[in-house]
Amino acid sequence: MRGRQRVTDMVLSLAVIGVLVGAIYFFIPHDDSASAEKSAVKTADTRVAIITARRAAPYPVAAPEGLPKGWRPTSVSYKATSDGKGGAWHLGMLDPEQEYAAVEQSDAPAKQFVQDVTLGAQKVDGQQAIGGKKWDRYKGDTYRALVLQEPGVTTVVTGTAPYGRLAELAGALVAKKG
């Protein structure tokens, strides 16, 4: 009889623990909806950063204007260098499907800059015409990218978003000097 009481006690203990876990789950608020996933990433205020970058950068800084509803900026920065060369502009965004897309610009040597911001993506055949300019396509294990090399600045629109969304972002870019 003694061995049987131990099994019964163990089953009762597990039942008590299960009830406690269920009560904790029931009373602690949680949200598994799609809106909770969307609001998990904070939206960044880009106005001041864009103005500051346009004043500091030695090249016209590109930022989107007139993007359709659903695009959200999530990160923004400008890093200057002491010698005035190699300054880097970054604007990270989520597209309406919650895919990542970023605008990256620099006057640093283009080849290394593109490799760094695209996480090693390689140039693929074909170009994409956007706003009267031909952008090169890149594809990597993690990111896709559209790259525009102009005198004094390289602009990269990169991320996990599909090429169509990257082109939409690239088409909304307006480069201005502050």
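Refer to the structure presented above.
Residues numbered from 1 in each chain as written. Predicted model: local features only at pLDDT ≥ 70, side-chain atom pairs only at ≥ 80, totals over all residues. Heavy atoms only, no water.

## Considering the packing of aromatic side chains
Tallied over the entire structure, the rule returns one aromatic pair. Positioned above the aromatic ring of Y163, the side-chain terminus of R137 is 4.2 Å from the ring centre. (Phe/Tyr/Trp six-rings, centres within 6.5 Å; stacked < 30°, edge-to-face > 60°. Lys NZ or Arg CZ within 6 Å of the ring centre and 35° of its normal.)

## Concerning the nonpolar core
If you look at the biggest cluster of nonpolar residues, it comprises 28 residues, and the most contacted ones within it are W89, W135, L146, V157, L166 and L169. Here the element with the most residues in this core is helix α5 (residues 163-171); it accounts for five residues. In this structure, L166 is in contact with A101, R144, A145, L146, V157, T158, G159 and A161, ignoring residues within four places of it in sequence. Grouped together as the second largest cluster of nonpolar side chains are eight residues, F113, V114, V117 and A145 included. (Core = buried A, V, L, I, M, F, W, Y, C linked by side-chain atoms within 4.5 Å. Buried < 20%, exposed > 50% of the residue type's maximum accessible area, 1.4 Å probe, protein only. Helix = DSSP H or I, 4+ residues; strand = E, 2+ residues; numbered from the N terminus. Contact = heavy atoms within 4.5 Å.)

## Quick word on the layout of surface pockets
Gaps left between atoms show up when a probe the size of a water molecule is rolled over them. A volume near 240 Å³ is recorded for the largest pocket. What lines the largest pocket is a set of 16 residues, among which K133, W135, L148, L173 and A175 lie closest to the centre. The dominant element in the lining of the largest pocket, judged by the number of residues it contributes, is strand β9 (residues 173-176), at three residues. Residue composition of the lining of the largest pocket, grouped by class: 10 nonpolar, four polar and two charged. Counted as a void, the second largest pocket has a volume near 150 Å³. Every residue lining the second largest pocket is counted, 14 residues in all, and those nearest its centre are T46, P64, L67, P73 and M93. Looking at the lining of the second largest pocket, the elements that each hand over two or more residues are α3 (47-56), β1 (61-64) and β3 (88-94). Residues belonging to the lining of the second largest pocket are distributed by class as follows: nine nonpolar, two polar and three charged. (1 Å grid on protein atoms, 1.4 Å probe; cavity = no way out; pocket = protein on both sides within 12 Å on 5 of 7 lines; lining within 4 Å. Points joined across faces, edges and corners; volume = space filled by probe spheres on them. Nonpolar A, V, L, I, M, F, W, Y, C, P; charged D, E, K, R; others polar.)

## Looking at a nonpolar patch on the surface
Together, M10, L14, I17 and V21 make up an exposed nonpolar region whose accessible area comes to about 410 Å². If you trace the backbone, V21 turns up in helix α1 (residues 2-27). Its relative accessible area of 52% is what places V21 among the exposed residues. (Patch = residues over 30% accessible without salt bridge, like charges linked within 9 Å, V, L, I, M, F, W, Y side chains within 5 Å. Areas by Shrake-Rupley, 256 points an atom, 1.4 Å probe, with all protein chains shown as cover. Salt bridge = Lys/Arg side-chain N within 4 Å of Asp/Glu carboxyl O.)

## Section: unusual backbone geometry
Residues other than glycine predominantly adopt negative phi, and peptide bonds predominantly adopt the trans conformation. At Q98, a position not held by glycine, the phi torsion is positive, near 70°. With respect to the helices and strands, Q98 occurs in the loop between β3 and β4 (100-106). The residue L119 is not glycine, and still its phi comes out positive at about 55°. Of note, L119 is situated in the loop between α4 (110-117) and β5 (122-130).

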